[in-house]
Amino acid sequence: MDNPTLEKLICDPSFIDYCLNHESENFTYWENWIQENPQYGYLVEESKMLVLQLQAMPSEEEVATQRQRLNQAIDQVKISRQFLFRKWVPYAAACLLVVGMCIFLFRQRSVIMQNPMLIVAVLKQQVPAGKYMNVQLTDGTKVRLGPTSTLDYPQQFAASERKVTLKGEAFFDVAHRTDQPFIIQAGEFHVKVLGTSFNIHAFEEDKVAKIALFTGKVEIFNDSIRLVILPGQAFVYDKVLAKYTIEPFDQEQERETMNGVLHFNHATYSDIGKQLARKYGISFQPNAAIELDFSGTMAHENLDQVLDKLTLTTSYRFSLESNTLIAHKK
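Residues numbered from 1 in each chain as written. Predicted model: local features only at pLDDT ≥ 70, side-chain atom pairs only at ≥ 80, totals over all residues. Heavy atoms only, no water.

(A) Looking closely at the overall build of the chain. Helices and strands together make up the secondary structure of the chain, namely nine helices and 17 strands. Taking the contacts inside the chain whose residues are at least 6 apart along the sequence as the reference set, 47% of them involve residues at least 24 apart. Summing over all exposed atoms, the chain offers an accessible surface of approximately 19500 Å²; the carbon and sulfur share of this is 52%. (Helix = DSSP H or I, 4+ residues; strand = E, 2+ residues; numbered from the N terminus. Contact = heavy atoms within 4.5 Å. Areas by Shrake-Rupley, 256 points an atom, 1.4 Å probe, with all protein chains shown as cover.)

What follows is the structure, given as structure tokens:
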């Protein structure tokens, strides 16, 4: 097992068998694994303790015994209710509470032991600045994450839906499953699909969020709106004005964006700085005094070439000081 965690171990059927059955083949495997990976010894002990605690929950026979004792106590109450009412009520209540808790714990134990994947590990993919990452989920869905983006997703999807959380930007090629919709939480919106491909741009610090659909159909919703967009349409949401538009988009340009090409359309200094920080891993400080309205494309130039291009095409001289973007009026 690579990069073991408590969640992975207690969800692994072979590890559960190792904890409960010392004569199984899994026991030998895990003993050898522990010897080869002594740095995980404490983690294994913690996980083993949790598995044994789940196993130690009351059995069905123990629950039945407690129920029988309660019934016997009730049958023996034959004397005056007025005289002993206050005396017996606390004991009866306590018995009911104990039985109720036992039944609840037993049912929980049964469900977990029958389906250990109910305790599902949540995985996180974080992309550093200047990098892109391709991720394939367990259902076959392919995701390409942009720089400084984060994707949270379960190690195993639920039977009713496939739900992930995105912070940043990504291209999704979702595996088609009619009875198991794919739902992406991106900022204040949810995107629901069955099988399709699209880009999402949903950085928390950006003033605009965008969902651009290439194929299929997606439903976008939050507490106040619910709508559907079709291929060739983009949902563009202005966070400042709290308003959205549905508009066409350049599909080739949108695909290039997820391959590292920067497209600027009447971009401000803040827009430029944030994009360069994500792609090249530099620092950037907004400056309202710098007035820019830049349109252009930055393909795969290095940072020095990009700064030279900005200097030649704007009224500012761009440079880098202590890894921080600087712009001075010419």
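Having seen it, we continue.
(B) Up close: the nonpolar core. Phe172, Ile184, Phe198 and Ile200 are the most contacted members of the largest nonpolar core, which has 31 residues in total. With four residues, the single largest contributor to this core is strand β5 (residues 162–173). If we skip the residues at most four places from it in the chain, Phe198 touches Ala170, Phe171, Phe172, Val174, Ile184, Val191, Val193, Ile211, Ala212, Leu213, Phe214 and Val218. Among the nonpolar cores identified, the runner-up in size contains 21 residues, and Leu276, Phe284, Leu292 and Phe294 belong to it. (Core = buried A, V, L, I, M, F, W, Y, C linked by side-chain atoms within 4.5 Å. Buried < 20%, exposed > 50% of the residue type's maximum accessible area, 1.4 Å probe, protein only.)

(C) Representation of unusual backbone geometry in the model. Of note in this structure, Ala242 is not a glycine but carries a positive phi near 55 degrees. Among the structural elements, Ala242 can be located in the loop between β12 (233–238) and β13 (243–248). Residues other than glycine seldom take positive phi values, yet Ser322 does so here, at roughly 55 degrees. Take Ser322: its relative accessible area is 76%, and that puts it in the exposed class.

(D) The layout of surface pockets, seen in detail. As a volume, the largest pocket reaches approximately 1100 Å³. What lines the largest pocket is a set of 33 residues, among which Val208, Lys210, His263, Asn265 and Gln275 lie closest to the centre. Mapped by element, the contributors of at least two residues to the lining of the largest pocket are β9 (208–215), β12, β13, α7 (251–257), β14 (262–267) and α8 (269–280). Its residues placed into classes, the lining of the largest pocket shows 13 nonpolar, nine polar and eleven charged. (1 Å grid on protein atoms, 1.4 Å probe; cavity = no way out; pocket = protein on both sides within 12 Å on 5 of 7 lines; lining within 4 Å. Points joined across faces, edges and corners; volume = space filled by probe spheres on them. Nonpolar A, V, L, I, M, F, W, Y, C, P; charged D, E, K, R; others polar.)

(E) Just the side chain of Lys279, in detail. Mapped onto the elements of the fold, Lys279 is located in helix α8. Among buried charged residues, Lys279 stands out as having no salt bridge; its nearest opposite-charge side chain is Glu301, 5.6 Å away. Engagement of the side chain of Lys279 in a polar contact is seen with the backbone oxygen of Ala299, the distance being 2.7 Å. Contacts of Lys279, omitting those with residues within four sequence positions, involve Ala129, Gly130, Pro147, Gly260, Leu262, Met298, Ala299 and His300. (Lys, Arg positive; Asp, Glu negative; His and termini not counted. Salt bridge = Lys/Arg side-chain N within 4 Å of Asp/Glu carboxyl O. Polar contact = N/O pair within 3.5 Å; in protein donor to acceptor, adjacent residues only side chain to side chain.)

(F) Representation of the side chain of Asn222 within the structure. One can find Asn222 in the loop between β10 (218–221) and β11 (226–229). Its relative accessible area of 18% is what places Asn222 among the buried residues. Engagement of the side chain of Asn222 in a polar contact is seen with the backbone nitrogen of Ile225, the distance being 2.9 Å. In this structure, Asn222 is in contact with Glu188 and Phe189, ignoring residues within four places of it in sequence.

(G) Focus on the packing of α8 against helix α9 (residues 303–313). With their axes 12 Å apart at the nearest point, α8 and α9 run at an angle of 165 degrees to one another. The angle between α8 and α9 places the two elements in the roughly antiparallel class. When you trace α8 past α9, the crossing you get is right-handed. Counting all contacts with α8, which are made through Ile272, Leu276 and Tyr280, the residues of α9 involved are Leu303, Val306 and Leu310. (Axes fitted to C-alpha atoms, helices over the stretch in contact; angles between N-to-C directions. Parallel < 35°, antiparallel > 145°, perpendicular 65-115°, else oblique. Left-handed = near helix turned anticlockwise from the far one by under 90°.)

(H) Local environment of the pattern of salt bridges. Per the counting criterion, the structure on display carries nine salt bridges. What you see here is one network of salt bridges that share partners, running through Glu205, Asp206, Lys274 and Arg278.

(I) The arrangement of the packing of aromatic side chains in detail. Enumeration over the complete set of coordinates arrives at twelve aromatic pairs. Taking the centre distance of 5.8 Å and the plane angle of 75 degrees together, the rings of Phe214 and Phe249 count as edge-to-face. Taken together, the residues Phe214 in strand β9 and Phe249 in the loop between β13 and α7 connect sequence positions 35 residues apart. Each member of the pair Phe214 and Phe249 is classed as buried. When the centroid spacing of 6.3 Å and the interplanar angle of 40 degrees are considered together, the rings of Tyr269 and Phe318 count as tilted. (Phe/Tyr/Trp six-rings, centres within 6.5 Å; stacked < 30°, edge-to-face > 60°.)

(J) Fine view of the pairing of β13. In this structure, β12 lies alongside β13, joined through six bridges in antiparallel fashion. Across the sheet, Phe235 pairs through a bridge with Ile246, a residue of β13. As consecutive antiparallel partners, β12 and β13 are separated by four residues, and within that stretch Ala242 has a phi angle of approximately 55 degrees, a positive value. (Pairing = 2+ DSSP bridges.)

(K) Examining the environment of Thr313 more closely. Looking at where Thr313 falls in the secondary structure, it is placed in helix α9. Taking the C-alpha atoms as reference points, Thr313 and Phe294, separated by 19 residues in sequence, lie 8.3 Å from one another. Engagement of the side chain of Thr313 in a polar contact is seen with the backbone oxygen of Lys309, the distance being 2.7 Å.

(L) Representation of the confidence of the model for the chain. Overall, the predicted model of the chain reaches an average pLDDT of 81, with 76% of residues at or above 70. Predicted confidence for residues 77–99 stays below pLDDT 50, and this span has eight contacts to residues more than four positions away or in other chains. Confidence drops under pLDDT 50 across residues 102–118; counting only partners more than four residues distant or on other chains, this segment forms 26 contacts. (pLDDT = per-residue confidence, 0-100.)

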